[in-house]
Amino acid sequence: MRISVGTVDQLPVGRCVAVGDGSVVVARVGEVVVAFQNRCLHQDSRLEGGLIENGRLTCPLHFWRYEVETGRHIGGRGNLDMYPVEVVDGEVYVEAPDPAPPMGMREMMLRHAKEWERGD
Ligand code: FES
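Fair warning: this is a prediction, and the values are worked out from it, not measured in the lab.

Turning next to helix α1 (residues 105-118). With 14 residues, α1 ought to run about 20 Å at 1.5 Å a step, and its terminal C-alpha atoms sit 20 Å apart, in line with that. A small share of α1 lies buried, amounting to zero of its 14 residues. Phi turns positive one or two residues past the end of α1, at G119, with a value near 85°.

The structure is reproduced here in structure tokens:
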């Protein structure tokens, strides 16, 4: 899905803002705009409000850190999903995956069990 975010100037520098249906955060880093999943790898908390300094995004809840260029969790495993950003005449668009269909309780429990077995 293509998300219209507004203009580059409307985005605060170095702070993650939720856009679209809330599943994506964007942040302005200088004149570059980056987009990530709005879900921390630690406890699935939302990353909106997270700060970006010195090329690192910090989750606002327990301060896990991620590389802005790659989404890599610093000091741990895993990567945040990153999404392509296009700026057309100052307007920012993010190409994010379509929302997943709602998950049943059984599927949700199996997913968490698999993540737990892998140590995610
Ligand atoms: S939920 Fe992000 S660091 Fe804990």
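Resuming the write-up.
We now examine the sheet that holds strand β7 (residues 65-67). Strand order in this open sheet of three strands is β5-β6-β7, and the pairing throughout is antiparallel. Looking at strand neighbours, the two that pair on one side only are β5 (51-53) and β7, the edges of this open sheet. Across the sheet, the mean angle from the axis of one strand to that of its neighbour is 25°, orientation sign disregarded.

In this section: the pairing of strand β3 (residues 24-29). Here β3 lies mainly inside the structure; five of its six residues are buried. Where strand β2 (residues 17-19) lies against β3, three bridges are found, and the strand directions are antiparallel. In the strand pairing of β3, V19 is matched with V24. Hairpin connection from β2 to β3: four residues lie between these consecutive antiparallel strands, with G20 at a positive phi of about 60°. Sheet topology note: the β3/strand β4 (residues 32-37) ladder contains six bridges and is antiparallel. Pairing of R28 across the sheet is with V33, part of β4. Hairpin remark: β3 followed by β4, antiparallel, with two residues in the connecting loop; positive phi at G30, about 65°.

Analysis parameters
Each chain has its residues counted from 1, running along the sequence as written. Only residues with pLDDT of at least 70 are given local features in this predicted model, and only at 80 or more are side-chain atom pairs given and counted; all residues enter the totals for whole chains, interfaces and linings. Counting from the N terminus, the helices are the DSSP runs of H or I reaching at least four residues and the strands are the DSSP runs of E reaching at least two. Here the expected length of a helix is defined as 1.5 Å per residue gap, with one fewer gap than residues. Three exposure classes are used, based on other C-beta atoms lying within 10 Å of a residue's own C-beta, which is placed from the backbone: buried for 20 or more, exposed for 12 or fewer, and partly exposed in between. At least two bridges found by DSSP between two strands are what make those strands a pair. Lines fitted to the C-alpha atoms define the axes, with helices restricted to the stretch that makes contact. Angles between their N-to-C directions range from 0 to 180 degrees.

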